[in-house]
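# Examining the three-dimensional arrangement
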Amino acid sequence: MNPRIVPEGNRYLMNGYEPVEGEIEAFDLAVTGSIPADLDGRFLRNGPNPITAQGSRHHLFQGEAMVHGVRIRGGRAEWYRNRWVRQAAVTRQLHEPPRKATVYGGMDVPVNTHVVGHAGRTLALVEIGTLPYELDGDLGTVGTWDFEGTLPGGFTAHPHWDPDTGDMHGVAYFPGMPMVQHIVVSAAGRVTRVEHVHVPHCPMIHDFALTRNYVLIYDLQVGFDPSVAASGALIPYRWDPEYQPRIGLLPINGAASEIRWFDVPSLWIFHTANAFEVGNTVVLYAVTHPRMCATYPGSVEYNGAPRFEKLVFDLDSGTVTREVVDVRHQEFPRINDVFTGRPNRYVYMMSNEDLADSFIARDETVAPDARSNRLIKYDLDQGTSTERLYRERAIIGEPIFAPTSPAKGEDDGYILLSASDPDRGATDLQVLDARDITAPPLATIHLPARMPIGFHGSWIPSS
């Protein structure tokens, strides 16, 4: 029997965020339409799912990790499972034996942010110092994974892969530590490089960007605050309006001393769409927020609506230009990962009403449809976008790109998108044609349960 979860009036325990109360599995799922025959793998999505009541202090970033998965093969959705990652807090609540775990610096916060595949392993990830947790093929927890003893500490929630080498890159940080680590994990699953970059501001760095020749490190205005940490705050990070934000271009195989810092306007970046080099410039596409953790320490609420922007770093002049691509509220950008660090044309983005309600400031003037549920596809070459609108309470998740086999073009693939079905009180997994997101779904896989709003996921093809 799993403990019952009681929302207690916290926005991150209600509506689209409301946790599910237990683990289930189901087989041979009902499907409307036809699942493409070349989809063979697992759709996985990670996110917080508190196992006990958290009360008014519960934060968007908190809650034990729960991974949801759908196994697709041969035109069928063979199974759906949701499983808590068995960290110590979970095994205690479920009265289970503890799993094998190594804890670095006392940090074993829930690995509730991302789930990825690398070197034949499935890894649940979070930033801030916790090691990755390995999952088996059925989403059971194996234990922490330190890349065969080669990982010196924690890792990141947002790795990026070099499409030429298969290397996995990360930028890791630890609370109060005035440096970050650029970590490279080989395609075989061993750390081959760790470069320490001094950042006295002790910034929160949720994501970074990777190009063919550079790692872009975000030293922005959210920094560790010792006084906030001493007060017992859940997230001891605060917006510093006096700090000059900057982005560093670290040569991908270079020493920390070779990093080149560029001052940028006041902004915050949770998520990168992509970055690449054009001539003697570096182009970065990202979702920017006007501020973060400003309404109170660690806060995401009411800091202002995010927008889609392009920043261009001129390596000759040392200047940065900034261009707004779209002012509409959106987040969770994804691309065809084969184009990571290379010039790309298409970006897929989402917005849902609960997430928008968190970000948009109380006194902010926004368009009437700013809180709608929508999927957006951007054509960066044409400067255009198309969108797919969803009805009220049809909360959608991060769009995940799965390429066709073989793929002929950048958008030759599928968008895997979770969408709440208010009539069923459960979630559907839609398979959309990535070339035309406005067309009817190729397939709608009807999950037997509701999938709360979470964070990131992956399409992990069968090997």
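Each remark here, short or long, concerns the structure printed above.
Residues numbered from 1 in each chain as written. Predicted model: local features only at pLDDT ≥ 70, side-chain atom pairs only at ≥ 80, totals over all residues. Heavy atoms only, no water.

## Some thoughts on the pairing of strand β27 (residues 384-390)
Taken together, the seven bridges between strand β26 (residues 373-379) and β27 define a ladder with antiparallel strand orientation. Bridging across to β27, Asn 373 finds its partner in Tyr 390. Hairpin connection, β26 to β27: the antiparallel pair is bridged by four residues, and Gly 383 has positive phi, about 70°. (Pairing = 2+ DSSP bridges. Helix = DSSP H or I, 4+ residues; strand = E, 2+ residues; numbered from the N terminus.)

## Considering the nonpolar core
Leu 216, Ile 217, Ile 247, Leu 284 and Phe 313 are the most contacted members of the largest nonpolar core, which has 67 residues in total. Residue contacts for Phe 313: discarding those within four places in its chain leaves Leu 216, Ile 247, Leu 249, Phe 262, Val 264, Asn 280, Thr 281, Val 282, Leu 284, Thr 319 and Val 320. Counting residues in each nonpolar core, the second largest holds 21 residues, with Ala 26, Val 70, Ala 77 and Ile 445 among its members. (Core = buried A, V, L, I, M, F, W, Y, C linked by side-chain atoms within 4.5 Å. Buried < 20%, exposed > 50% of the residue type's maximum accessible area, 1.4 Å probe, protein only. Contact = heavy atoms within 4.5 Å.)

## Observations regarding empty space enclosed by the protein
Summed over the entire model, instances satisfying the criterion amount to two cavities of 30 Å³ or more. Around the largest cavity sit Tyr 104, Pro 152, Gly 153, Gly 154, Ala 172, Tyr 173, Phe 174, Met 177, Met 179 and Gln 181, which together line it. Taken together, the residues of the lining of the largest cavity sort by class into seven nonpolar, three polar and no charged. Each pocket or cavity is described by its volume, and for the second largest cavity that value is around 60 Å³. By residue class, the composition of the lining of the second largest cavity is six nonpolar, three polar and no charged. (1 Å grid on protein atoms, 1.4 Å probe; cavity = no way out; pocket = protein on both sides within 12 Å on 5 of 7 lines; lining within 4 Å. Points joined across faces, edges and corners; volume = space filled by probe spheres on them. Nonpolar A, V, L, I, M, F, W, Y, C, P; charged D, E, K, R; others polar.)

## Some remarks on unusual backbone geometry
Of the consecutive residues Ser 405 and Pro 406, the connecting peptide bond is found in the cis state with omega at -5°. Note on placement: Pro 406 falls in the loop between β28 (400-403) and β29 (413-421). The phi torsion at Ile 128 lies on the positive side, around 75°, for a residue other than glycine. Secondary-structure assignment places Ile 128 in the loop between β7 (121-125) and β8 (133-135). Judged by its relative accessible area of 18%, Ile 128 falls in the buried class.

## As for the state of the cysteines
Going through the model one piece at a time under the given rule, you end up with zero disulfides. Residue Cys 202 stays outside any disulfide, its sulfur separated by 14 Å from that of Cys 293, the closest cysteine. Judged by relative accessible area, which is 11%, Cys 202 ranks as buried. On the basis of relative accessibility, which here comes to 2%, the residue Cys 293 falls in the buried class. (Disulfide = S-S within 2.5 Å.)

## Considerations on the layout of surface pockets
A volume near 650 Å³ is recorded for the second largest pocket. What lines the second largest pocket is a set of 32 residues, and nearest its centre among them are Phe 61, Gln 62, Asn 112, Val 126 and Ile 235. Those elements that place two or more of their residues in the lining of the second largest pocket are β20 (268-278), β24 (331-334) and α3 (353-359). Considering only residue class, the lining of the second largest pocket consists of 19 nonpolar, nine polar and four charged.

## What about the sheet that holds β20?
In space, the four strands of this open sheet follow the order β20-β21-β22-β23, with antiparallel pairing throughout. The open sheet terminates on both sides in strands that have one partner only, identified here as β20 and β23 (320-326). Going from strand to strand, the sheet's axes swing by 25° on average, the running direction of each strand aside. As judged from the eight bridges shared by strand β21 (residues 281-289) and strand β22 (residues 307-314), these two strands associate in the antiparallel manner. Within β22, the residue paired with Val 283 across the bridge is Val 312. (Axes fitted to C-alpha atoms, helices over the stretch in contact; angles between N-to-C directions.)

## Here we look at the sheet that holds strand β12 (residues 179-185)
With antiparallel pairing, four strands are arranged side by side in an open sheet as β10-β11-β12-β13. Every other strand in the sheet has two partners, leaving β10 (160-161) and β13 (191-198) as the edge strands with one partner each. Sheet topology note: the β12/β13 ladder contains seven bridges and is antiparallel. Each bridged residue has a counterpart across the sheet, and for Ile 183 the counterpart in β13 is Val 194.

## Quick notes on the pattern of salt bridges
Applying the stated criterion to the full structure yields 37 salt bridges. Taking the shortest distance from any N to any O, the salt bridge between Asp 164 and Arg 342 comes out at 2.6 Å. With Asp 164 in the loop between β10 and β11 (168-172) and Arg 342 in the loop between β24 and β25 (346-351), this pair connects stretches of sequence that are 178 residues apart. For Asp 164, a relative accessible area of 55% translates into the label exposed. With a relative accessible area of 9%, Arg 342 lands in the buried category. (Salt bridge = Lys/Arg side-chain N within 4 Å of Asp/Glu carboxyl O.)

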